[in-house]
Amino acid sequence: MDYKRTLITSALPYANGPVHIGHLAGVYIPADIYARYLRGKGRPVLFVGGSDEHGVPVTIRARKEGITVQQVVDRYHELIKSSFERFGISFDVYSRTTSDIHHKFASDFFRTLYDGGKFVQQTTEQFYDEETHEFLTDRNIRGECPRCHSAGAYGDQCEKCGATLSPDELINPYNAVNGNPLTKRATSHWYLPLDKYQGWLEQWILEGHKEWRTNVYGQCKSWLDGGLHPRAVTRDLDWGIPVPVEGAEGKVLYVWFDAPIGYISNTKELCDARPDKFGKWETWWQDETTRMIHFIGKDNIVFHCIVFPTMLKAWNECNEGAQYILPDNVPSNEFLNLEGDKISTSRNWAVWLNEYLDDFPGKQDVLRYVLTANAPETKDNDFTWADFQARNNNELVAIYGNFINRAMVLTHKYFEGRVPVCGELNDYDRQTLAELAGIRGRVEELLDAFRFRDAQREAMNLARLGNKYLADTEPWKQAKTDLARTGTILNIALQIAANLAIVFEPFLPFSSASLYEMLDMEEHAWERLGDTDLLEAGHQLREPRLLFEKIEDTAIQAQLDRLARIKKENEAAAWQAPALKAETNIEAFDKSDIRVGTVLECQKVKKSDKLLQFKIDDGMGGRTILSGIAQSYPDPQVLVGKQVLFIANFPPRKMMGIESQGMILSAVNDDGKLVVTTVSAPVRNGVQVG
RNA sequence: CGCGGAGUAGAGCAGUGGUAGCUCGUCAGGCUCAUAACCUGAAGGUCGGGGGUUCAAUUCCCUCCUCCGCAACCA
């Protein structure tokens, strides 16, 4: 197929939080590289993005924060949109699924399938909260586990015994959000009968797209082999696009039904506003000479390869004329971890794009470079700040930035910043130029195969070639005897520099812009990559500036400190009170004689790490008690004068050669620190506690 | 439970039925134009464990272990 244009979609980020490095590495950076690459080649491209603003989680967040759902999605849509802009993700359109255009478009789309008889309607019994008037999703239902009988199992799984459950199995189910008891209520929904498209999908994917990435192909095959089932495309919710059918009040389109339609409605929004530049939306979606590519993460594979294509196919069956195209490829990435742990929005375990942009101003390209160099293209990968620093300092600064600086400084030193004349070439010059000429083919081959990591490495090899060329030809030595030869060498070095600006534009657009400016040249089309006459002899260069700067340890340490703090907060939040001990009774308790006494003296026991020695006024002549709490009280003096509780009838016990006559009661905090117990108002020393 | 993906030098990743590669780091040497940057060379791996097929297995098959996804949040 000879395609005339490319439609690039990137998964719609969910407006429930900012975007983080996982989103960037998985979807937006590769999609942006691809879009910039094709534009550089002069190919018509439309790069679609937008916020996904429906679904349940935004409503939960709104309730938690006491604001409206609209306020939640407004906040995150704006934050996400501006972050992408600052980061240089070159969307042609970035809209949102709460837009009027989208509501109407998705509604019409549903209606077309409905009128065409493409849905099956089914009534089922679902759990319902009488007080909040809502049906609950599996995960929001909790109850006693039928297997291990522990409390608080979820509707889909018991975390104690690991059993997979359905909500019906739970004993005494309740609403996980508010604890309300639940009843069963009949509700009716529309289902997309994926099973009817099984044969068609098998043909299209398993036979027709064997070139898809193994993870994508394998996932599809797994679903198809397991047999597809009808999938509900409506939900009982008050947030979303109302189901455009009479008698469907209180029901909205399932978020996964409306979100991918957002790709289309966002395209329409753009084309309606800029027909001069982008033409009609139908050209992008319903012309078979358009090639569509979905950039997604691995968790979205089933929706983009099975559900959405089936929706489009069903729509096509309802229409005589216009027919939607299907994706030509769905390059899906695996996941990126952060410092060894999976990225999590709810646990705040992430590097947020907006925070990165604030913490590292002007360093968009560093993050782009690192996330591409370590992109999870074939398996989950790990992002570490140490790696981020190393790649910046050892690769961007030392190899790319340094080469540019060398070429610039030498030219200014020997030729007042003018591009010198290229004289006669020797074999080594020709060999170097031949390698330069080969770069384009290698990078293109990799980009066409969505191998961005390797493509960027190939681009970096051009900078390596430049460094090696300078090291081998030694123009600074030549300059002492043969200035013409020096000029030839520097001409070649500068041509390599100009080529670097072209080849890195899709990957590092900010640096390329800066490099173009330094070389004082117009942006060149991708097609000129490999040319050796990008800069003419006599052309005046600007003053050299550093393309990249070293990142110091302190900046990295600040990020690590932040993560350590978050980890600690998470651990504290995850802390649960220990299980109750076996039942006891008042008689057993009464055997312990707990008294109050005032601390007269308190000091560390010599040669002991943990022991503090107390002298207590117990109202009975005083006693000595040892307590293993020294590590929680670096300054024992703070305890002097305090009234503490202690067990008075334990047999004496010798520790470190000192006899302890009782036990001071302490509480163990969640971080392991011990805190002595005391009384809330002064009492007479020696009184009993009971 | 099941299904899909992954497990390869200190770190991050390629790759292939026939003596195991890249980048960074490490070590040694060279160079000094350059952001102590650059260039050259070396060391470093029983390719997750076990079994099988084969003249030959890291690559094919079986089995087990670990991580991720399908399955809250979420790329």
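Source: prediction; values computed, not measured.

## Re the sheet that holds strand S4 (residues 120-129)
Thought 1: Within the open sheet, the 4 strands sit side by side as S5-S4-S9-S10. Their pairing is antiparallel. Looking at which strands have only one partner, the edges of the open sheet turn out to be strand S5 (134-135) and strand S10 (231-232).

## A short note on the packing of aromatic side chains
Thought 1: Counting across every chain of the model gives 44 aromatic pairs.
Thought 2: On the basis of an interplanar angle of 65° and a centroid distance of 6.3 Å, the ring pair of Tyr263 and Phe308 is categorised as edge-to-face. With Tyr263 in helix H7 (residues 255-273) and Phe308 in helix H10 (residues 301-317), the pair connects residues that are 45 residues apart, well separated along the chain. In this pair, the class of Tyr263 matches that of Phe308, namely buried.
Thought 3: Relative to Phe548, the ring of Tyr400 has its centre 5.6 Å away and its plane inclined at 50°; by these criteria the two rings are tilted. Of the two residues, Tyr400 is situated in helix H13 (residues 385-415) and Phe548 in the loop between helix H18 (509-519) and helix H19 (553-574); the sequence distance between them amounts to 148 residues.
Thought 4: For Phe548, a relative accessible area of 8% corresponds to the buried category.
Thought 5: Its guanidinium or amino end placed over the ring of Phe87, Arg368 lies 5.9 Å from that ring's centre, counting from NZ or CZ.

## Topic: the sheet that holds strand S17 (residues 341-342)
Thought 1: The sheet built from 3 strands is open, its strands ordered S17-S16-S18 with mixed pairing. If you trace the sheet from one side to the other, it starts and ends with S17 and strand S18 (381-383), each paired once.
Thought 2: Relative to S17, strand S16 (residues 336-338) is paired through 2 bridges, and the arrangement is antiparallel. Residue pairing in the sheet places Leu338 in a bridge with Asp341 of S17.

## Looking at the pairing of strand S21 (residues 623-627)
Thought 1: Counting buried residues in S21 gives 5 out of 5 residues, a clear majority hidden from the surface.
Thought 2: Residues of S21 alternate between two faces, with Arg623, Ile625 and Ser627 on one and Thr624 and Leu626 on the opposite face, all of them buried.
Thought 3: Pairing geometry for strand S20 (residues 612-617) and S21, over 5 bridges, is antiparallel. Across the sheet, Ile616 pairs through a bridge with Arg623, a residue of S21.
Thought 4: Joining the antiparallel neighbours S20 and S21 is a turn of 5 residues, in which Gly619 adopts a positive phi near 75°.

## Focus on the pattern of salt bridges
Thought 1: Within this structure, the stated rule accounts for 41 salt bridges.
Thought 2: Ionic pairing is found between Glu517 and Arg542, a salt bridge with its closest N-O pair at 3.9 Å. Taken as a pair, Glu517 in helix H18 and Arg542 in the loop between H18 and H19 lie far apart in primary sequence, 25 residues in all.
Thought 3: According to the relative accessible area criterion, Arg542 is partly exposed, its value standing at 40%.
Thought 4: Through salt bridges with shared partners, a single ionic network connects Asp32, Arg36, Arg368 and Glu505.

## Describing the domain arrangement of chain A
Thought 1: Taken domain by domain, chain A holds domain 1 (5-110 + 256-338), domain 2 (116-236), domain 3 (348-372 + 383-528) and domain 4 (586-689).
Thought 2: Between the C-alpha centres of domain 3 and domain 4 the distance comes to 69 Å.

## Structural notes on the protein's contact with RNA strand B
Thought 1: Neighbouring RNA strand B are 57 residues, the closest being Ser222, Gly297, Lys342, Thr378 and Asn381.
Thought 2: Close to the protein, within 4 Å, the atoms of RNA strand B belong to sugar or phosphate groups at a rate of 80%.
Thought 3: Taking Lys298, its side chain carries an N or O atom lying 2.8 Å from a sugar or linking oxygen of RNA strand B.
Thought 4: Residue Asn374 places a side-chain N or O atom 2.6 Å away from a sugar or linking oxygen belonging to RNA strand B.
Thought 5: Among the secondary structure elements, those contributing two or more residues to the surface near RNA strand B are helix H1 (21-40), helix H6 (214-225), strand S13 (290-297), S18, H13, helix H15 (452-473) and helix H16 (475-481).
Thought 6: A breakdown of the residues in the surface near RNA strand B according to their chemical character gives 17 nonpolar, 22 polar and 18 charged.

## Side note on the side chain of Asn16
Thought 1: Along the polypeptide, Asn16 turns up in the loop between strand S1 (5-10) and H1.
Thought 2: Taking the relative accessible area as the measure of exposure, Asn16 reaches 17% and is therefore buried.
Thought 3: At 2.8 Å, the side chain of Asn16 and the side chain of Arg61 are in polar contact.
Thought 4: The residues touching Asn16, leaving out its near neighbours within four places in the chain, are Pro57, Val58, Arg61 and Tyr76.

## Here we look at helix H2 (residues 56-65)
Thought 1: Taken as a whole, H2 has its buried residues at Val58, Thr59 and Ala62. Here the buried residues of H2 occupy an arc of 100° about the axis, which is enough to place them on one side.
Thought 2: Against helix H3 (69-87) lie the buried residues of H2.
Thought 3: Looking one or two residues beyond H2, the residue adopting positive phi is Gly66, at roughly 70°.

Criteria and cut-off values
- Residues numbered from 1 in each chain as written.
- Chains lettered and ligands numbered in written order.
- Predicted model: local features only at pLDDT ≥ 70, side-chain atom pairs only at ≥ 80, totals over all residues.
- Heavy atoms only, no water.
- Pairing = 2+ DSSP bridges.
- Helix = DSSP H or I, 4+ residues; strand = E, 2+ residues; numbered from the N terminus.
- Phe/Tyr/Trp six-rings, centres within 6.5 Å; stacked < 30°, edge-to-face > 60°.
- Buried < 20%, exposed > 50% of the residue type's maximum accessible area, 1.4 Å probe, protein only.
- Lys NZ or Arg CZ within 6 Å of the ring centre and 35° of its normal.
- Salt bridge = Lys/Arg side-chain N within 4 Å of Asp/Glu carboxyl O.
- Domains from an automatic or database assignment.
- Near = heavy atom within 4 Å.
- Polar contact = N/O pair within 3.5 Å; in protein donor to acceptor, adjacent residues only side chain to side chain.
- Nonpolar A, V, L, I, M, F, W, Y, C, P; charged D, E, K, R; others polar.
- Contact = heavy atoms within 4.5 Å.
- Arc of directions from axis to C-beta.

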